[in-house]
Amino acid sequence: MHAVLEPVVSQIASDVRGLDAETTQLHPSGLVHKWTAQQVVEHLVLSYRLTGAALETRLNKGRVSRKQTRTELQWALQLMILSFGALPRGVPALDETVPVKGQFSAMDGRQLGDLLREEAEAMDALLDTCRRRFGIDRVGAHPWLGPLRVDQWRRFHVVHGMHHVAQLRSVIAEVAPALVPVKLGSSLVQELQIPAQRPLA
């Protein structure tokens with residue numbers, strides 16, 4: 001897996017590793033509208049699959065999307081998320097990435113970590129293929145951010161993953177407080193040592 005994605009994937013896998021299958025199904029405060037630890041991981045897995053499907057479409061067509069321009073809103077969101085690493089709060093997840101009951105069987109933390117890594121590696125392999133085939137062109141469009149280059153896709157998934165590290169730790173703090181990995185107030189950017197800007201990859 002690319003070094004840009006590795007730290008956040010490893011961090012999430014590490015954070016859930018000690019959870020048993022019963023604990024991964026617990027909703028914080030018993031509120032069913034709040035995601036369980038497994039649902040947080042499922043959401044990330046589904047987001048990797050959605051990106052992978054978009055990349056496979058471009059690879060099967062043998063060309064990047066004809067639409068390469070960005071709207072002003074997409075430009076602003078790319079600046080906010082990809083340059084400054086700030087994911088807007090309160091924005092609902094894409095329907096395709098919302099966990100659906102029964103889509104995945106109940107898993108313990110180790111199984112969830114393995115699933116997350118497997119899906120991240122599959123997406124990353126497609127990103128590598130797109131980079132070799134299309135160079136630094138914008139290879140596919142994100143529903144909110146518009147067309148992105150390979151390095152921008154990786155950056156998006158790092159920022160998105162870091163956002164859910166904080167959420168996951170909050171869930172663990174409620175359902176398994178003895179297993180909280182670190183203080184919730186710590187800076188994830190410093191902890192994961194992820195600079196604001198990344199070289200093209």
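Numbering of residues begins from 1 in every chain and follows the order in which that chain's sequence is written. Totals for whole chains, interfaces and linings use all residues, but because this is a predicted model, local features are given only for residues with pLDDT of at least 70 and pairs of side-chain atoms are given and counted only at 80 or more. To obtain the side-chain values, all non-hydrogen atoms of the structure were used and water was disregarded.

Participant: Please explain unusual backbone geometry as it appears in this structure.
Facilitator: Most of the time, phi is negative for any residue but glycine, and the peptide bond is trans. For Ser29, which is not glycine, the phi torsion reads 60 degrees and is therefore positive. Tracing the chain through its elements places Ser29 in the loop between α1 (6–16) and α2 (37–61). Whether a residue is buried, partly exposed or exposed follows from its accessible area with a 1.4 Å probe, protein chains only, as a fraction of its type maximum: under 20%, in between, or over 50%, in that order. With relative accessibility at 53%, the residue Ser29 sits in the exposed group. Going along the chain from the N terminus, every DSSP run of H or I of four or more residues is numbered as a helix, and every run of E of two or more is numbered as a strand.

Participant: Would you explain the side chain of Asp15 in this entry?
Facilitator: Along the chain, Asp15 turns up in helix α1. The class of Asp15 is buried, set by a relative accessible area of 5%.

Participant: For this particular structure, what's the right way to read a nonpolar patch on the surface?
Facilitator: Patch membership needs two things, relative accessible area over 30% and no salt bridge, and members are linked within 9 Å if like-charged or within 5 Å if nonpolar (Val, Leu, Ile, Met, Phe, Trp, Tyr). Shrake-Rupley sampling with a 1.4 Å probe provides the accessible areas, and residues are treated as covered by the protein chains on show and by no other component. Salt bridges are defined by distance alone: a side-chain nitrogen of Lys or Arg within 4 Å of a carboxyl oxygen of Asp or Glu. On the surface, Trp75, Leu79 and Phe84 cluster together into a nonpolar patch covering about 340 Å² of accessible area. Residue placement: Trp75 occurs in helix α3 (residues 72–83).

Participant: Would you take a moment to explain the packing of α1 against helix α5 (residues 150–175) for this structure?
Facilitator: Each pair of packed helices can be summarised by the angle the axes make with each other and by the distance between the axes. At a closest axis distance of 10 Å, the pairing of α1 and α5 adopts a crossing angle of 15 degrees. In terms of orientation, α1 lies roughly parallel with respect to α5. Between α1 and α5 lies a crossing whose hand is left-handed. Counting all contacts with α1, which are made through Val8, Gln11, Ile12, Asp15 and Val16, the residues of α5 involved are Val158, Gly161, Met162, Val165, Leu168, Arg169 and Ile172. Basically, the charged four are Asp, Glu, Lys and Arg, the nonpolar ten are Ala, Val, Leu, Ile, Met, Phe, Trp, Tyr, Cys and Pro, and anything else, Gly included, counts as polar. Its residues assigned to classes, the contact of α1 with α5 comprises eight nonpolar, two polar and two charged. As a rule, the C-alpha atoms of each element are fitted with a line to give its axis, helices using only the stretch in contact, and angles between N-to-C directions run from 0 to 180 degrees. In these notes the angle categories are as follows: under 35 degrees is roughly parallel, over 145 is roughly antiparallel, 65 to 115 is roughly perpendicular, and the rest is oblique. For a crossing to be left-handed, the near helix must be turned anticlockwise from the far one by less than a right angle; the clockwise case is right-handed. By the convention used here, residues are in contact when the closest approach between their heavy atoms is within 4.5 Å.

Participant: Explain the side chain of Gln74 to me, please; I cannot follow it from the model alone.
Facilitator: Inspection of the secondary structure assignment puts Gln74 in helix α3. With relative accessibility at 12%, the residue Gln74 sits in the buried group. Filtering out sequence-adjacent residues up to four positions away, Gln74 remains in contact with Thr69, Trp144, Leu145, Gly146 and Pro147.

Participant: Mind showing me how you'd approach the nonpolar core here?
Facilitator: A general feature of soluble globular proteins is that nonpolar side chains tend to end up buried together. In these notes, a set of buried Ala, Val, Leu, Ile, Met, Phe, Trp, Tyr and Cys residues joined through side-chain atoms within 4.5 Å is what counts as a nonpolar core. Core analysis: the biggest nonpolar cluster contains 47 residues, and Ile12, Leu116 and Val139 have the highest contact counts within it. Listing elements by their share of this core, those giving two or more residues are α1, α2, α3, α4 (109–134) and α5. Per element, the largest residue contribution to this core is 11 residues, and it comes from α5. Discounting residues that sit within four places of it in the chain, Ile12 has contacts with Val41, Leu44, Leu116, Gly161, Val165 and Leu168.

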